[in-house]
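Chain by chain, the residues run as shown.
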Amino acid sequence: MTVITLTILLLALGTGTSLTFVSSHWLLAWMGLEISTLAILPLMAQHHHPRAVEAATKYFLIQATAAAVLLFASTTNAWISGHWDIQQTSHPLPLTLVTLALALKIGLAPLHSWQPEVLQGLGLNTGIILATWQKLAPFAVLTQIQTPNSLLLIILGITSIFVGGWGGLNQTQLRKVLGYSSIAHLGWMVLVLQYSRSLALLALLLYIIVTYATFTLFTLKNVTSVKALFALGAKNPILTTLLPFLLLSLASLPPLTGFLAKLLILKELAKQGLALTAALAIMGTLLSAFFYVRLSVATTLTLAPNIVTSVTPWRLSSSRLTMPISISTVLAVALLPLSPTLLALLTY
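Conventions we followed
Per chain, the residues get numbers from 1 upward, laid out in the order the sequence is written. Under the rules for a predicted model, residues below a pLDDT of 70 receive no local features and side-chain atom pairs below 80 are neither given nor counted, while totals for whole chains, interfaces and linings still include all residues. In computing side-chain values, all of the structure's heavy atoms are included and hydrogens and water are not. Think of it this way: any DSSP run of H or I at least four residues long counts as a helix, any run of E at least two long counts as a strand, and we number them from the N terminus. The contact criterion used is simple: two residues touch if any of their non-hydrogen atoms lie within 4.5 Å. Exposure classes here rest on a 1.4 Å probe applied to the protein chains alone. A residue is buried below 20% of its type maximum, exposed above 50%, and partly exposed in between. By the criterion applied in these results, polar contacts are pairs of N or O atoms within 3.5 Å in which, for protein atoms, one can donate a hydrogen and the other can accept it, and in which residues neighboring in sequence qualify only through two side-chain atoms. Classification of ring pairs rests on two measures: the distance between centres of Phe, Tyr or Trp rings, Trp counted by its six-membered ring, which must be within 6.5 Å, and the angle between planes, read as stacked under 30 degrees, edge-to-face over 60 and tilted in between. Side-chain atoms within 4.5 Å are what join buried Ala, Val, Leu, Ile, Met, Phe, Trp, Tyr and Cys residues into a set we call a nonpolar core. The domain limits used here are those given by an automatic or database domain assignment. Every patch collects residues that have over 30% relative accessible area and no salt bridge, joining them within 9 Å if they carry like charges and within 5 Å if they are nonpolar side chains (Val, Leu, Ile, Met, Phe, Trp, Tyr). Per-residue and other accessible areas follow the Shrake-Rupley method at a 1.4 Å probe size, with only the shown protein chains counted as cover for residues. Salt bridges are counted wherever a side-chain nitrogen of Lys or Arg sits within 4 Å of a carboxyl oxygen of Asp or Glu.

Asks: Hey, could you go over the environment of Ile282 for me, with residue numbers and the actual values?
Replies: Take Ile282: it is sitting in helix 15 (residues 275-300). A sequence separation of 20 residues divides Ile282 from Lys262, and the C-alpha atoms of the two residues are 9.0 Å apart. What Ile282 contacts, discounting residues up to four positions off in sequence, is Trp188 and Leu266.

In structure tokens:
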């Protein structure tokens, strides 16, 4: 793919997401979602590999289905209420259809099955975009809905947390693990969305930071499976030291950055009198924590066979930029001390 083509596709991707951000009209938001979907498809199929083409086809069919449901729901809302304003959507039928369509777009359980399979068929660089940037536009539409279906959001959130944790337990491919991780983290955001939109956006921002840092570390050494983690220590000791911190941050263990979002969400749920919901969310997170700790053990405490540890392997200097990795890794690990500042920003 030429530089000009790549630039045009990335500009279209940003334009579609930005259009969804600034629009309060259902048709404009729908157009922005479709522009971003069509822009990422050539990026997904650029390697002309059967797995990549299959992933792009699956993604197109899923996103087209969600877009059709979303357009039908917005048309139904206009027919019932007489307006196309996103914030004025209040009838239960279009609200439910919109929520389910957006849940299908971002991969919330039980509408999640496409996401790990699509991520597995993509390259790591395209996987970063799919796991982070493509969540922004649908989530922005969700935050604009003023009267969401609270019971439906709680069911989607709890189901996503458990499915994301349960699905990642026996995975050996890291892209599938990160796919199920995305499902579980989105479940936490959806749980608190109706009670504190600013807190849900904060959780989304922290998820993007930690996921981006993890993907970039995998991309730097082209690590795609658990077996490849075994040999990472001999090839690059520094990355082997950093990676467990990122994985444990995704597992939301203190005192890492990922713990901050979970702590604030649990506090908000307890404030709303949803102690049972918070307890279920914690139980589901334990499943996710297990496979993150498993990956950390595979990275740091397991040696690959036939690796001679007494001789330093010959390394070629990498041509990749390391500054984004450094910045994102620091943010993904060490943002917890800033929690008083973030709490003050959320309060005001």
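Next comes the rest of the description.
Asks: Any details on the side chain of Gln115? Residues and values, ideally.
Replies: Structurally, Gln115 is set in helix 5 (residues 114-120). Residue classification places Gln115 among the buried residues on the basis of a relative accessible area of 1%. Polar side-chain contacts of Gln115 include one of 2.9 Å to the side chain of Ser182. Residues in contact with Gln115, not counting those within four places in the same chain, are Ile106, Gly107, Lys135, Gly179, Ser182 and Ile183.

Asks: Run through unusual backbone geometry, naming residues and quoting values.
Replies: With omega at 5°, the peptide bond leading from Ala109 into Pro110 counts as cis. For Pro110, the location among the structural elements is in the loop between helix 4 (92-106) and helix 5. Of the consecutive residues Pro254 and Pro255, the connecting peptide bond is found in the cis state with omega at 5°. Relative to the assigned elements, Pro255 resides in the loop between helix 13 (237-250) and helix 14 (257-271). At His48, a position not held by glycine, the phi torsion is positive, near 55°. Among the structural elements, His48 can be located in the loop between helix 2 (26-44) and helix 3 (50-81). On the basis of relative accessible area, His48 is assigned to the exposed category, the value being 69%. For Ser252, which is not a glycine, the phi torsion comes out positive at approximately 65°. By the element assignment, Ser252 lies in the loop between helix 13 and helix 14.

Asks: Let's hear about the packing of aromatic side chains: which residues, and what values?
Replies: This model, assessed by the stated rule, comprises two aromatic pairs. With a centroid separation of 4.7 Å and an interplanar angle of 50°, the aromatic rings of Phe291 and Tyr292 are classed as tilted. When its relative accessible area of 0% is taken as the criterion, Phe291 is described as buried. Since its relative accessible area comes to 0%, Tyr292 is described here as buried.

Asks: Please give an account of the environment of Trp30 that cites residues and values.
Replies: Assignment of secondary structure puts Trp30 in helix 2. Taking the relative accessible area as the measure of exposure, Trp30 reaches 25% and is therefore partly exposed. In this structure the C-alpha to C-alpha distance between Trp30 and Ala73, which are 43 residues apart in sequence, comes to 11 Å. Sequence-distant contacts of Trp30, that is, excluding residues within four places in its chain, are made with Ala67, Leu70 and Leu71.

Asks: With reference to specific residues and values, describe the nonpolar core.
Replies: Residues Met44, Tyr59, Val118, Phe218 and Leu229 are the most contacted members of the largest nonpolar core, which totals 102 residues. For this core, the domains that each give at least three residues are domain 1 (1-141) and domain 2 (147-306 + 321-347). Apart from residues no more than four positions distant in its own chain, Phe218 is found in contact with Leu124, Leu174, Leu178, Val223, Leu229 and Leu243.

Asks: Please provide a residue-by-residue account of a nonpolar patch on the surface, values included.
Replies: The grouping of Leu253, Val293, Val297 and Leu301 at the surface amounts to a nonpolar patch, some 330 Å² of accessible area in total. The exposed category is assigned to Leu301, whose relative accessible area is 68%.

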